[in-house]
Amino acid sequence: MKIEDFFYRVGELAESAVVKLLGAVKDIILPSPKEIPPDFKLLRKLVKKRITVHEFLSLKLQVIFLLYLILNLVIIILTHENIFWLMLIAIVYFLYLRRLLWRNYYFFIEFEPYRYFYYGIFLITLVAFGGYVLLRTLTHVVYYYYAYLATIFVVVLLFRQFFKEKYGRDWTYGVVEEIKGDVVKVFVHDDIAANVKPGYYWVDRVGDLEEGRIVKLLLEEKMLKGAVPKRIIEVFLDHQSSNISTEPKEDKE
């Protein structure tokens, strides 16, 4: 190989590496929605039952937030409240969270409540841990810590109330999966705005239902359990499987 060919090849490889690096940086800083859903290889191994892409995304958001909390606790214990590491892990987590949300924009049944909720609890968590570290450097009087914990608790309650007022609703959508006499089994997706957990629920039958129909469900709030479907308040004419989005269509009865 001639020396000029060697350097030309090296230059091509370097250019390709720079282009890929810039593309990766752009994808992290300015992520854009993708039309192909992620595969969730690891989660599919852990979750044996068949669930939707929306459910996998919700589960992944919960898992990475839990890992973020654990990492914060580990950093506080092992680094003697070094705020540098807290800020570093917060930046990494936020970039990953933002990328996960925006890349999968089309696969959330309702995007905005999830974005608002996870950005909100991230900010509260960052302030809580960062404030604790700063408080440790200023004083060791235990009463200040009690007051600080109480303040964080009040902030969490206020955020919960504000989120409920902004996005909360007492209804959600479900898909009729089975009909037995006067009752029907409906599948409900994870719905953070309605505070309902994904799963199958039995409700009273109304009208001429068929399996696969999308229905609108009135919810009842249960203490410590979240909301549960109470009854069907609207039936949509389109037939749609519970394995895809349950957004309603225009025609309805």
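As the structure is a prediction and not an experimental result, all values here were calculated from the model.

*Asks:* Can you break down the overall build of the protein chain residue by residue, with the values?
*Replies:* Counting its regular elements, the protein chain contains six helices and five strands. Counting helices and strands in the order they occur from the N terminus, the protein chain gives α-α-α-α-α-α-β-β-β-β-β. Considering only residue pairs separated by 6 or more positions, the protein chain has 59% of its internal contacts joining residues 24 or more positions apart. Carbon and sulfur atoms make up 64% of the accessible area of the protein chain, which amounts to about 16,300 Å² in all.

*Asks:* So what's going on with helix α4 (residues 83–103)? Residues and values would help.
*Replies:* Under the 1.5 Å per step criterion, the end-to-end length of α4 is 30 Å for 21 residues, consistent within 8% with the ideal 30 Å. Within the span of α4, buried status applies to L86, I89, A90, Y93, L97, L100 and L101. Down the axis of α4, the buried set is contained in an arc of 105°. They therefore lie on one face. Exposed residues lying more than 90 degrees from the buried face of α4 are F84 and I91. Each element contacted by the buried residues of α4 is listed here: α3 (53–78) and α5 (111–138).

*Asks:* If you had to explain the nonpolar core to someone new, which residues and values would you point to?
*Replies:* Nonpolar side chains in soluble globular proteins tend to end up buried together. Core analysis: the largest hydrophobic core is formed by 35 residues, its most contacted members being L61, Y68, Y93, L97, L101, F108 and Y118. Only α3, α4, α5 and α6 (142–167) provide two or more residues apiece to this core. The biggest single contributor to this core is α5, with nine residues. Excluding its chain neighbours within four sequence positions, the residues that come into contact with Y118 are S58, L61, Q62, F65, L97 and I192.

*Asks:* Please provide a residue-by-residue account of the packing of aromatic side chains, values included.
*Replies:* All chains considered together, the criterion is met by 27 aromatic pairs. Relative to Y93, the ring of Y68 lies with its centre 4.3 Å away and its plane at 10°, an arrangement referred to as stacked. Of this pair, Y68 sits in helix α3 while Y93 sits in helix α4, placing them 25 residues apart in sequence. Here the two residues Y68 and Y93 agree in accessibility, since each one is buried. On the basis of an interplanar angle of 0° and a centroid distance of 5.8 Å, the ring pair of W102 and Y105 is categorised as stacked. The partly exposed category is assigned to Y105, whose relative accessible area is 33%.

Parameters at a glance
- Residues numbered from 1 in each chain as written.
- Predicted model: local features only at pLDDT ≥ 70, side-chain atom pairs only at ≥ 80, totals over all residues.
- Heavy atoms only, no water.
- Helix = DSSP H or I, 4+ residues; strand = E, 2+ residues; numbered from the N terminus.
- Contact = heavy atoms within 4.5 Å.
- Areas by Shrake-Rupley, 256 points an atom, 1.4 Å probe, with all protein chains shown as cover.
- Expected span 1.5 Å × (residues − 1).
- Buried < 20%, exposed > 50% of the residue type's maximum accessible area, 1.4 Å probe, protein only.
- Arc of directions from axis to C-beta.
- Core = buried A, V, L, I, M, F, W, Y, C linked by side-chain atoms within 4.5 Å.
- Phe/Tyr/Trp six-rings, centres within 6.5 Å; stacked < 30°, edge-to-face > 60°.

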